[in-house]
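# Per-entry structural report
The chain contents come next:
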Amino acid sequence: MHLRQANLGMVGKLLVVTCLMFAFGYAMVPMYKSICKALGINVLSLTEQVIPGASAKSRPNTQVDTSRTISVEFDANARGVWEFKPEVSSLQVHPGQMATVMYEFRNTQNRTMAAQAIPSYAPKQATAHFNKLQCFCFNEYILKPGETKRWPVVFVIDPQLPKDVTTITLSYTFFEVGGKVPAAPKGGV
């Protein structure tokens, strides 16, 4: 009987501790936000603040260097008989500004093909500062005869780009990837 009472007492204490831990877990979020807001150390709480008269979309990106403009030129080379080109030949962007350019690819062959693009940059020192967030060059694609696809390249130029670099050329070479689809017919296409 004494052991049973001790066990029931222990279960009761464990239930109280469990309830307190559960309540503390729920209280952590508002406590954390209050402490960080009071100390000004939480970047997330600063972005959550509501500015009267301003929508979330109208907040400026403070990481954009508006004092500089970089000309980004787009080049497309196809190794094979298909069409591959950027929608625009160049864009003017500020370092830190997100930009998007579309590329179009058309399989002009009478067979299905697998292909992939490889990027290159000029000048070479721009390579480390050209950050692609989304790019068709990350994947291989299978295109049917006559099929046309459009793919985006979303990029940001790092504000740490040397000041003497004012033009960057992004060049893609699109080539067929072997082994994914039937080989080309004998005699060429």
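Higher on the page you've got the structure.
Now for a quick tour of the structure.

Rules and cut-offs
- Residues numbered from 1 in each chain as written.
- Predicted model: local features only at pLDDT ≥ 70, side-chain atom pairs only at ≥ 80, totals over all residues.
- Heavy atoms only, no water.
- Helix = DSSP H or I, 4+ residues; strand = E, 2+ residues; numbered from the N terminus.
- Contact = heavy atoms within 4.5 Å.
- Areas by Shrake-Rupley, 256 points an atom, 1.4 Å probe, with all protein chains shown as cover.
- Disulfide = S-S within 2.5 Å.
- Buried < 20%, exposed > 50% of the residue type's maximum accessible area, 1.4 Å probe, protein only.
- Polar contact = N/O pair within 3.5 Å; in protein donor to acceptor, adjacent residues only side chain to side chain.
- Core = buried A, V, L, I, M, F, W, Y, C linked by side-chain atoms within 4.5 Å.
- Pairing = 2+ DSSP bridges.
- Axes fitted to C-alpha atoms, helices over the stretch in contact; angles between N-to-C directions.

Looking only at helices and strands, the protein chain has two helices and nine strands in total. The helix and strand sequence of the protein chain, counted from the amino end, reads α-α-β-β-β-β-β-β-β-β-β. A sequence separation of at least 24 residues applies to 72% of the contacts in the protein chain between residues at least 6 apart. Of the roughly 12600 Å² of accessible surface on the protein chain, 60% is carried by carbon and sulfur atoms.

Under the definition given, this model contains one disulfide. Through a disulfide, cysteine 135 is tied to cysteine 137; the S-S separation comes to 2.5 Å. Disulfide cysteine 135 to cysteine 137: torsion about the S-S bond roughly 130°, handedness right-handed. The class for cysteine 135 is buried, based on a relative accessible area of 4%.

Relative to the helices and strands, asparagine 107 is located in the loop between strand E4 (98-106) and strand E5 (113-122). The buried category is assigned to asparagine 107, whose relative accessible area is 0%. Within the local environment of asparagine 107, its side chain forms a polar contact with the backbone nitrogen of glutamine 109, the two atoms lying 2.9 Å apart. Within polar-contact distance, the side chain of asparagine 107 engages the backbone oxygen of lysine 144 at 3.2 Å. Asparagine 107 has contacts with Trp82, Thr112, Met113, Leu143, Lys144, Pro145, Gly146 and Glu147, leaving out every residue within four places of it along the chain.

This next bit is on unusual backbone geometry. Between alanine 122 and the following residue, proline 123, the backbone shows a cis peptide bond with an omega angle of -5°. Looking at the secondary structure, you find proline 123 in the loop between E5 and strand E6 (130-134).

Let us now look at the side chain of glutamine 109. Positionally, glutamine 109 belongs in the loop between E4 and E5. Within the structure, the side chain of glutamine 109 is placed 3.1 Å from the side chain of arginine 111, a separation counted as a polar contact.

A general trend in soluble globular proteins is that nonpolar side chains are found buried together. Counting 32 residues, the largest nonpolar core has Tyr103, Phe136, Val153, Phe155, Ile157, Tyr172 and Phe174 as the members making the most contacts within it. With near-sequence residues (within four places) excluded, phenylalanine 136 lies in contact with Phe84, Tyr103, Ala117, Tyr141, Trp151, Pro152, Val153, Tyr172 and Phe174.

Spatial ordering of the open sheet is given by E3-E1-E9-E5-E7, a layout of five strands whose pairing is mixed. In the strand order of this sheet, the two ends are held by strand E3 (90-93) and strand E7 (141-143), each with one partner. When strand polarity is set aside, the average angle formed by the axes of neighbouring strands in this sheet is 30°. Sheet topology note: the strand E1 (residues 70-79)/E3 ladder contains four bridges and is antiparallel. Note on E3: the bridge partner recorded for glutamate 73 is serine 90.

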